[in-house]
Amino acid sequence: MYYPYFRGKQYELITIRECAHILKSANFIPIIEPVKETLSGLQKTLASVKEVEGEVIVVVNPFHGFHSSNGNSILQLLDSEFSDYPKISAGILLTEQLSIDDVKAIYSSVGDRNVSFIHTGFSEAKALSNDFGDAIENIRQVFHDEYCGKLYQKHFRKAEKVLLRDGFERRTNREHPEVEFFSDLHATYDLEGMDGFGDFLMVGDDYSETGGPAYAVAIHLTFIDPDKDDEMHIHHFVSIRQDDPKDPAGKFAEALEKLIAELNSDNNKILETEAVQEFVDLHYRGHFPGLGYVKKLSMKHHIETLAHFFHGA
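Attention here is on the structure that accompanies the text. (Residues numbered from 1 in each chain as written. Predicted model: local features only at pLDDT ≥ 70, side-chain atom pairs only at ≥ 80, totals over all residues. Heavy atoms only, no water.)

Here's the deal with the overall build of the protein
Put simply, the rule reads: Secondary structure elements follow DSSP: runs of H or I of four or more residues count as helices, runs of E of two or more count as strands, with numbering from the N terminus. We take the radius of gyration over the C-alpha atoms and set the globule estimate at 2.2 Å times the residue count to the 0.38 power. Burial classification: accessible surface area is computed with a 1.4 Å probe over protein chains only, and a residue below 20% of its type maximum counts as buried, one above 50% as exposed, and the rest as partly exposed. Residue contacts are defined here by distance: any two heavy atoms, one from each residue, within 4.5 Å place the two residues in contact. We get accessible surface area from the Shrake-Rupley algorithm with a probe of 1.4 Å; when it comes to residues, only the shown protein chains can shield them.
Helix and strand counts for the protein come out as 11 helices and 11 strands. What you see for the protein is a C-alpha radius of gyration of 20 Å, in line with the 20 Å of a compact globule of 313 residues. Dimensions along the principal axes, computed over C-alpha positions, put the protein at roughly 55 × 40 × 35 Å. Of all 313 residues assigned to the protein, the portion counted as buried reaches 50%. The contacts of the protein with a sequence gap of at least 6 include a subset with a gap of at least 24, amounting to 71%. Accessible surface computed for the protein: about 14400 Å², of which carbon and sulfur atoms make up 46%.

As structure tokens, then:
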């Protein structure tokens, strides 16, 4: 089904915690790549997932962030706090830097946990499949489609397969169009021969430790268009003022005015999720909660929209 890919920053983890019940009821499985030195936020998030008996994949060898050179502390957290909960599985990033021996060593280090291979640049698909033999069928294969073509994927035919695609076009906020195509994977993943699909929500795959100054403030909300074969598109509600990084609260209010106008329009297709209702409340109260919080609401809305598409709730 759906595998949203999160980097383990503060508001990404908060999003998972607040959406834990939705993720569980929709059978969605988040993937978390921990990037921060402290793992307390990750621990709280995994506890929230466990509380609702949900499932999650935790990358044990992150490519980005503090743990990129050594993921032992992540494994220690899983072993010490969640050894009794099998629905927290281990994700292994298969990057171009890894050899088959490296992959086997990491695989051995996770013990009895279920494993997902996340293919993001690794090139020895045939050799890896041959080396693992029949065991490869029990490992979920997540293919980042920027790196994995059909010839690569064919070596894992009998395994559970997920296609991961970045639908968010990274650019400065003031460069965003009003509306653009985001993805159709939610409606076509089975045609790709996949058992599930994933994306990077409206954060995108590009990673940075901190963002630059926000000359424009934007609210990014996805919607599914039934008039276009259920394609998913994304609205970018961008502030009017875009010339300097001053007054983010005022610029948020400008972007929010555009969102409210769209919600009140005759051709509005944005689902009125709990996240959207909170945007409406922020507009009513004239409150600016901070840019991180705004991003959290956009991610929550995206998850709620897909849950409604698949389950009507």
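Quick look at the pattern of salt bridges
The cut-off we apply is this: We define a salt bridge as a side-chain nitrogen of Lys or Arg found within 4 Å of a carboxyl oxygen belonging to Asp or Glu.
Within the structure shown, the criterion is met by 20 salt bridges. One connected set of salt bridges, linked through shared partners, spans Asp145, Lys150, Arg165, Asp184 and Glu192.

A short note on the sheet that holds strand S1 (residues 5-7)
The test is simple: Strands qualify as paired when DSSP identifies two bridges or more between them. In this analysis, axes come from line fits to C-alpha atoms, helices being fitted only over the stretch in contact, and the angle between any two N-to-C directions falls in the range 0 to 180 degrees.
An order of S1-S2-S3-S4-S5-S6-S7-S9 is seen for the eight strands of this open sheet, with the pairing classed as parallel. Edge positions in the sheet fall to S1 and strand S9 (196-198), since each has one partner strand and no second. Going across the sheet, the axis of each strand differs from the next one's by a mean of 25°, ignoring polarity. When strand S2 (residues 31-33) meets strand S3 (residues 56-59), the two strands line up parallel, connected through two bridges. Pairing of Ile32 across the sheet is with Val58, part of S3. Packed onto the sheet, helix H3 (residues 40-51) meets S2, S3 and strand S4 (88-94) and runs at close to 160° relative to S3.

Observations concerning the sheet that holds strand S11 (residues 231-238)
Reading across the sheet, the three strands line up as S8-S11-S10 and stay open at both edges, with antiparallel pairing between neighbours. The two strands at the open ends of the sheet, each matched to only one other strand, are strand S8 (179-183) and strand S10 (218-225). Averaged over all neighbouring strand pairs, the angle between strand axes comes to 35°, with direction disregarded. In this structure, S10 lies alongside S11, joined through eight bridges in antiparallel fashion. If you follow Ala218 over to S11, its bridge partner there is Val238. Contacting S10 and S11, helix H9 (residues 248-263) runs over the sheet at an angle of about 135° to S11. In this fold helix H11 (residues 291-311) packs onto S8, S10 and S11, with an angle of close to 5° to the strand it touches most, S10.

A short note on the packing of aromatic side chains
Each aromatic ring pair is specified by the distance between its two centres and by the angle formed by the two planes. The test is simple: Ring pairs shown here join Phe, Tyr and Trp side chains whose ring centres sit within 6.5 Å, with only the six-membered ring taken for Trp; geometry is labelled stacked below 30 degrees between planes, edge-to-face above 60, and tilted in between. Only Lys NZ and Arg CZ are tested; either one counts as a charge over a ring when it is within 6 Å of the ring centre and within 35 degrees of the ring normal.
With the rule as written, the count across this model stands at 14 aromatic pairs. Judged by centre distance (5.0 Å) and plane angle (50°), the rings of Tyr5 and Phe200 are tilted. With a gap of 195 residues between them, Tyr5 in strand S1 and Phe200 in the loop between S9 and S10 connect regions that are remote in the sequence. For the pair Tyr5 and Phe200, one class covers both residues: buried. An aromatic cluster is built from Tyr2, Phe28, Tyr189, Phe197, Phe309 and Phe310, whose rings are joined through pairwise contacts. When the ring centre of Tyr215 is taken as reference, the NZ or CZ atom of Arg174 above it lies at 4.9 Å. Looking at Lys296, its charged tip hangs above the ring of Tyr293, at a distance of 3.8 Å from the centre.

Describing the pairing of S4
In terms of burial, S4 is largely enclosed, as seven of its seven residues are buried. Here S4 shows a buried face lined by Ile88, Ala90, Ile92 and Leu94 and a second buried face lined by Ser89, Gly91 and Leu93. Two strands pair when backbone bridges link them, and S3 and S4 are joined in this way by four bridges, in the parallel orientation. Residue pairing across strands places Val58 opposite Ala90, the latter belonging to S4. Across five bridges, the pairing between S4 and strand S5 (residues 115-119) is parallel.

With respect to the nonpolar core
Selection criterion: Among the buried residues, those of types Ala, Val, Leu, Ile, Met, Phe, Trp, Tyr and Cys that are joined through side-chain atoms within 4.5 Å form a nonpolar core.
With 60 residues, the main nonpolar core has Leu46, Val60 and Phe117 as its most contacted residues. Discounting chain neighbours no more than four positions away, the residues touching Val60 are Gly71, Ile74, Leu75, Leu78, Ala90, Gly91, Ile92, Ile106 and Val110. Core analysis: the next-biggest nonpolar cluster, separate from the first, contains 18 residues, Ile219, Leu263, Ala275 and Val276 among them.

Let's talk about the side chain of Thr222
Defined as follows: Two N or O atoms count as a polar contact when they lie within 3.5 Å, although within protein this holds only if one can serve as hydrogen donor and the other as acceptor, and sequence-adjacent residues are included solely when both atoms are side-chain atoms.
On the secondary structure map, Thr222 appears in strand S10. Under the relative-accessibility criterion, Thr222 is labelled buried at 0%. Of the polar contacts made by the side chain of Thr222, one reaches the side chain of His302; its length is 2.9 Å.

Description of unusual backbone geometry
Although it is not a glycine, Glu53 adopts a positive phi angle of roughly 60°. Inspection of the secondary structure assignment puts Glu53 in the loop between H3 and S3. At Asp230, a residue that is not glycine, the phi angle is positive and equals roughly 65°. Mapped onto the secondary structure, Asp230 falls in the loop between S10 and S11.

So, helix H1 (residues 10-18)
Where H1 is concerned, the buried positions are Glu12, Leu13, Ile14, Thr15 and Ile16. For H1, the secondary structure elements touched by its buried residues are S1, helix H2 (20-25), S2, H3 and H11.

In short, shape yes, function no, at least from these values alone.
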